[in-house]
Amino acid sequence: MKKLYTLALTAAVALSAAATPQLETRTLTAKSQFKAVPAHTIAGVNKMAKAPAAAPALTDILGNYTLTYVEELEAGATCEYEVIMTSGSTTGTVAIDIPFVNGTNTLTMKLEGTYSDGTITFAGGQTFSGVTITYYHWAADYKSFSTVPTISASWSGTGFVFDGDDCIGLPAGGDSFYFLADEFNLTKIVDDPNANPNEGWTSVGEATFQDGWVLTAFGVDQTLAENHYKVELQQNDADQNVYRLVDPYHGNFPLVARNQSTKVGYIQFDVTDPDHVCFAAVEAGFANSSLGVSKMYCYNALGWAVVYTGKTAAEVVAQVGEEFDYTTFKDGVVTLASYPNVEKGGFTNDACFGIQGEINGGYGWNDNQKLGVNMEAKIWFPIGAGVEDVTVSEAEGAVEYYNLQGVRLERPAAGVVIRVQGGKATKMLVK
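Read on for a plain summary of the structure. (Residues numbered from 1 in each chain as written. Predicted model: local features only at pLDDT ≥ 70, side-chain atom pairs only at ≥ 80, totals over all residues. Heavy atoms only, no water.)

## Some thoughts on the overall build of the protein
- A tally of helices and strands in the protein yields four helices and 34 strands.
- A separation threshold of at least 6 residues defines the contact pool for the protein, and within that pool the share at least 24 residues apart is 61%.
- With an accessible surface of roughly 19,700 Å², the protein has 52% of that area assigned to carbon and sulfur atoms. (Helix = DSSP H or I, 4+ residues; strand = E, 2+ residues; numbered from the N terminus. Contact = heavy atoms within 4.5 Å. Areas by Shrake-Rupley, 256 points an atom, 1.4 Å probe, with all protein chains shown as cover.)

## Quick notes on the nonpolar core
- One finds Trp213, Tyr249, Phe269 and Phe279 to be the most contacted residues of the largest nonpolar core, which totals 52 residues.
- Among all residues touching Phe279, those that are not within four sequence positions of it are Trp213, Ile267, Gln268, Phe269, Cys298, Tyr299, Asn300, Gly303, Thr327, Val334, Leu336 and Ile379.
- Grouped together as the second largest cluster of nonpolar side chains are 24 residues, Val83, Ile96, Tyr135 and Phe162 included. (Core = buried A, V, L, I, M, F, W, Y, C linked by side-chain atoms within 4.5 Å. Buried < 20%, exposed > 50% of the residue type's maximum accessible area, 1.4 Å probe, protein only.)

## Section: the environment of Ser152
- Along the chain, Ser152 turns up in strand S12 (residues 150–155).
- When near neighbours in sequence (up to four residues on either side) are disregarded, Ser152 contacts Thr119, Ile120, Thr121, Val161, Phe162 and Asp163.

## Here we look at the pattern of salt bridges
- What the rule picks out here adds up to three salt bridges.
- Linking Glu283 and Lys263 is a salt bridge whose minimum nitrogen-to-oxygen distance equals 3.7 Å. Placement of the pair is Glu283 in the loop between strand S21 (278–279) and strand S22 (296–300) and Lys263 in the loop between strand S19 (242–246) and strand S20 (266–270), with a sequence separation of 20 residues.
- When its relative accessible area of 10% is taken as the criterion, Lys263 is described as buried.
- The network of salt bridges with common partners includes Lys263, Glu283 and Lys295. (Salt bridge = Lys/Arg side-chain N within 4 Å of Asp/Glu carboxyl O.)

## Quick look at the pairing of strand S13 (residues 159–162)
- By the bridge criterion, three bridges tie S12 to S13 in an arrangement that is antiparallel. Across the sheet, residue Ala153 finds its bridge partner in S13, namely Phe162.
- Linking two consecutive strands that pair antiparallel, namely S12 and S13, is a turn of three residues; a positive phi of about 110° is found at Gly157 within it. (Pairing = 2+ DSSP bridges.)

## Observations concerning the side chain of Lys295
- The topology assignment puts Lys295 in the loop between S21 and S22.
- Among the residues examined, Lys295 registers a relative accessible area of 16% and is labelled buried.
- Residues in contact with Lys295, not counting those within four places in the same chain, are Glu82, Lys263, Glu283, Phe286, Gly354, Ile355 and Gln356.

## Focus: the sheet that holds strand S28 (residues 358–363)
- Across the sheet, three strands lie side by side as S22-S27-S28; this open sheet has antiparallel pairing. Two strands in the sheet have a free side with no partner beyond their single neighbour: S22 and S28. Each strand axis lies, on average, 30° off the axis of its neighbour in the sheet, ignoring direction.
- Relative to S28, strand S27 (residues 351–355) runs antiparallel, the two being bridged by two bridges. Bridge assignment links Ile355 to a residue of S28, and that residue is Glu358. (Axes fitted to C-alpha atoms, helices over the stretch in contact; angles between N-to-C directions.)

## Topic: helix H3 (residues 301–309)
- Turning to H3, its buried residues are Ala301, Leu302, Gly303, Trp304 and Ala305.
- One or two positions beyond H3, positive phi appears at Gly310, with a value near 80°.

## Side note on the pairing of S19
- Most of S19 is tucked away, with five of its five residues classed as buried.
- Neither face of S19 is open: one carries Val242, Arg244 and Val246, the other Tyr243 and Leu245, and all of them are buried.
- Pairing analysis gives three bridges linking strand S18 (residues 229–236) to S19, with the strands arranged antiparallel. Bridge pairing in S19 places Gln235 opposite Tyr243.
- Taking the residues between adjacent antiparallel strands as the criterion, S18 and S19 are bridged by five residues.
- Inspection of the sheet shows S19 paired to S20 by five bridges, in the antiparallel sense. Bridged to Arg244 within S20 is Gln268.

## Some words on the packing of aromatic side chains
- As enumerated under the stated definition, the model contains 18 aromatic pairs in all.
- Relative to Phe160, the ring of Tyr115 lies with its centre 6.3 Å away and its plane at 90°, an arrangement referred to as edge-to-face. One end of the pair, Tyr115, is in strand S6 (residues 105–116); the other, Phe160, is in strand S13, and 45 residues separate them in sequence.
- Taking the relative accessible area as the measure of exposure, Tyr115 reaches 10% and is therefore buried.
- Consider the rings of Tyr243 and Phe269, whose centres lie 6.1 Å apart with planes at 20°: the pair is stacked. (Phe/Tyr/Trp six-rings, centres within 6.5 Å; stacked < 30°, edge-to-face > 60°.)

That is the geometry; function is a separate question.
This is the structure in structure tokens:
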């Protein structure tokens with residue numbers, strides 16, 4: 001990638017492609033989840049207890065949750081991000097992975113608890129990255145706190161609510177602690193049961209998918225034919241130049257056991273301009289706690305620029321020109337290219353992605369030497385739904401640009417140019 005996209009990957013952290021990669025040097029949310037504060041300085045508030053709702057079965061509580069808490073040091077600001085609840089290491093236990101921010105490092109803290117009759121109980125003494133987790137409970141006057149052996153969360157009907165006077169602590173040196181602040185709640189994310197996910201879309205068969213977004217995170221060579229797999233392809237009824245892969249990380253996905261998401265996801269793209277295919281920031285239905293990902297949005301450089309700038313794909317192309325290496329759609333194949341980075345080593349990729357809280361993250365994967373891995377991705381359309389069948393009206397044909405003297409331009413230059421598409425010419429200002 002060139003200028004604009006390079007800036008994105010500089011600002012957004014690349015993730016490691018090791019067996020269990022971690023986010024580096026960047027927090028997952030706008031606010032830190034933990035603060036290093038001296039003891040005896042946090043004011044608390046009373047919380048009214050609520051009657052517990054009917055207890056669900058353990059299998060019914062697994063899935064994606066929104067974690068919210070009130071940060072008392074930030075004037076009562078409510079912080080939230082997504083986490084995944086999975087089965088624990090033994091029968092009757094569950095585990096949640098919480099990103100822990102310590103300075104410029106983001107680690108993943110795994111909490112494992114015992115579930116029984118609507119209550120999850122987390123025992124102290126668990127460790128992560130060599131640090132022991134301790135639980136604290138505020139005294140009645142909120143002027144001091146003491147350690148407690150466990151903390152618990154009760155099912156509320158929509159999720160789990162922790163005692164507002166409890167907090168999770170990690171030693172920060174001396175009498176200071178990193179702690180998760182007040183009103184720590186988990187709300188289960190439930191899809192609308194009345195929604196029809198296929199409304200407005202028509203299946204056109206099964207595409208063959210070379211996945212450059214997820215397989216590469218686990219060291220799988222996605223370019224090998226043996227790692228390609230079939231995914232349903234749908235066409236949008238209202239705009240027949242828009243397509244989507246349906247649930248690409250379940251079904252035939254080679255590493256489906258690594259996917260902790262229970263959601264149906266999509267990878268959506270627009271082939272109106274076959275030389276500048278644009279992928280939309282749509283949730284892909286993949287999550288993996290060891291990667292620090294509870295939501296994933298698979299797109300390309302142009303799609304990232306649309307999210308990042310708020311401009312349309314055509315406006316980005318007109319402004320940026322060939323500063324991007326664009327995704328193409330030719331002979332029934334959508335190609336997101338990967339190029340050797342001759343300056344730094346590794347690869348520069350058109351494929352990139354966003355994650356929970358950072359849809360415009362523009363992330364890519366790095367290897368253990370912090371060099372970009374090959375994230376080349378391809379989508380082969382099924383026979384009968386290839387480029388020959390893409391609905392492009394006369395008004396949506398190939399785009400050409402000319403200056404005011406009528407000379408054809410390879411790409412629009414700054415100033416007023418003439419844009420010609422489908423026999424229709426319009427003037428446009430390129431900044």
